[in-house]
Amino acid sequence: MNRVVIKLSGEALAGPSAPGNAPVPFSDAVIDGIARQIKTVLDNNVQVALVVGGGNFWRGKKAKADMDRSRSDQIGMLGTVMNGIYLSEQFKKSGVESVVMTPFYLSFFSQLFEKSAALKYMAGGVVVINSGGTGHPYFSTDTVAALRAAELEADMVVYAKNVDGVYDKDPGRHADARKFRAVTYRRVIAERLDAADIAGMAISMEQGMDSFVFGLNAHDGVVKACLGGSGRDLGTKVAVDIKEDFYV
């Protein structure tokens, strides 16, 4: 691939918390591992953009029932900005140059997202960290990843999740759940499989752009997902026209 958009969940950035301790928003061990892997991807001449979630700070779905959805989503968007700034600072330690871009003006905190500027950064080996969602409520960061991938003409959207792929049913509730090796967008959308946000899946399907869903905790998962080869067996490929298959 020449260009890839990677979605990182906010929860994954937090890493596991020690028993009895309050959760912390960032795990430097996890983030340093991500930076190391992204550097390997860049060194293989693949351009990288990130979309970062904010679940380590705020989950809109878990907000108070009587809270206005728009305000709840705004809090979540600001959480993704904090994550973007922290990632950018940590990346420096691993020799990864990056820029934080947002869809709204935030003074010197970030740069305003603009396609040609983002592509220029990426062509120069700079990672574009997309924070702030779309700037509007009712959009998940999964949808933003698909949207930015379409805008930036990426070859694939890579979703680094807390789950290691797409299953035919919830593996947390069903012991007989089967993991897909490959599955179509049509099936994911029709059966509402928990791969990524349905709106994001629809955008990628319309663009004819592949997606890949894998677990961030997999050893060198980002490298394997972005560079392909046999290592990509760790997750699930989602595509428009593909022979569906399960892992044995």
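Residues numbered from 1 in each chain as written. Predicted model: local features only at pLDDT ≥ 70, side-chain atom pairs only at ≥ 80, totals over all residues. Heavy atoms only, no water.

A closer look at the pairing of strand 9 (residues 236-239)
Across 3 bridges, strand 7 (residues 180-184) lies against strand 9 in parallel orientation. Bridging from a neighbouring strand, V183 pairs with V238 of strand 9. Looking at chain direction, strand 8 (residues 210-215) and strand 9 are connected through 3 bridges and run antiparallel. Across the sheet, S211 pairs through a bridge with V238, a residue of strand 9. (Pairing = 2+ DSSP bridges. Helix = DSSP H or I, 4+ residues; strand = E, 2+ residues; numbered from the N terminus.)

Some details on the sheet that holds strand 9
Judged by pairing direction, the sheet is mixed, and its 10 strands sit side by side in the order 4-3-5-2-1-6-8-9-7-10 without closing on themselves. What marks the edges here is a single partner per strand, and that holds for strand 4 (111-112) and strand 10 (245-246). When strand 1 (residues 3-8) meets strand 2 (residues 47-52), the two strands line up parallel, connected through 6 bridges. Across the sheet, residue R3 finds its bridge partner in strand 2, namely Q47. Together, strand 1, strand 2, strand 3 (98-102) and strand 5 (127-130) form the strand contacts of helix 3 (residues 69-93), whose direction differs from that of strand 3 by roughly 170 degrees. Here helix 5 (residues 141-151) sits on the sheet in contact with strand 1, strand 2, strand 5 and strand 6 (156-161), set at roughly 155 degrees to strand 6. (Contact = heavy atoms within 4.5 Å. Axes fitted to C-alpha atoms, helices over the stretch in contact; angles between N-to-C directions.)

Examining unusual backbone geometry
A positive phi angle, close to 50 degrees, is found at R192, a residue other than glycine. Its location among the elements puts R192 in the loop between helix 6 (185-190) and helix 7 (198-207). A residue is classified by how much of its surface remains accessible, and R192, at 62% relative accessible area, is exposed. (Buried < 20%, exposed > 50% of the residue type's maximum accessible area, 1.4 Å probe, protein only.)

Brief notes about the pattern of salt bridges
Taken as a whole and judged by the stated rule, the model has 16 salt bridges. Among the salt bridges present, the one from K7 reaches D142, with a minimum N-O distance of 2.7 Å. A residue pair is termed long-range when its members are at least 10 positions apart, and K7 in strand 1 and D142 in helix 5 qualify at 135 residues. Accessibility assignment for this pair places K7 and D142 in one class, buried. The network of salt bridges with shared partners includes K7, D142 and K161. (Salt bridge = Lys/Arg side-chain N within 4 Å of Asp/Glu carboxyl O.)

The values are spatial; any link to function lies outside them.
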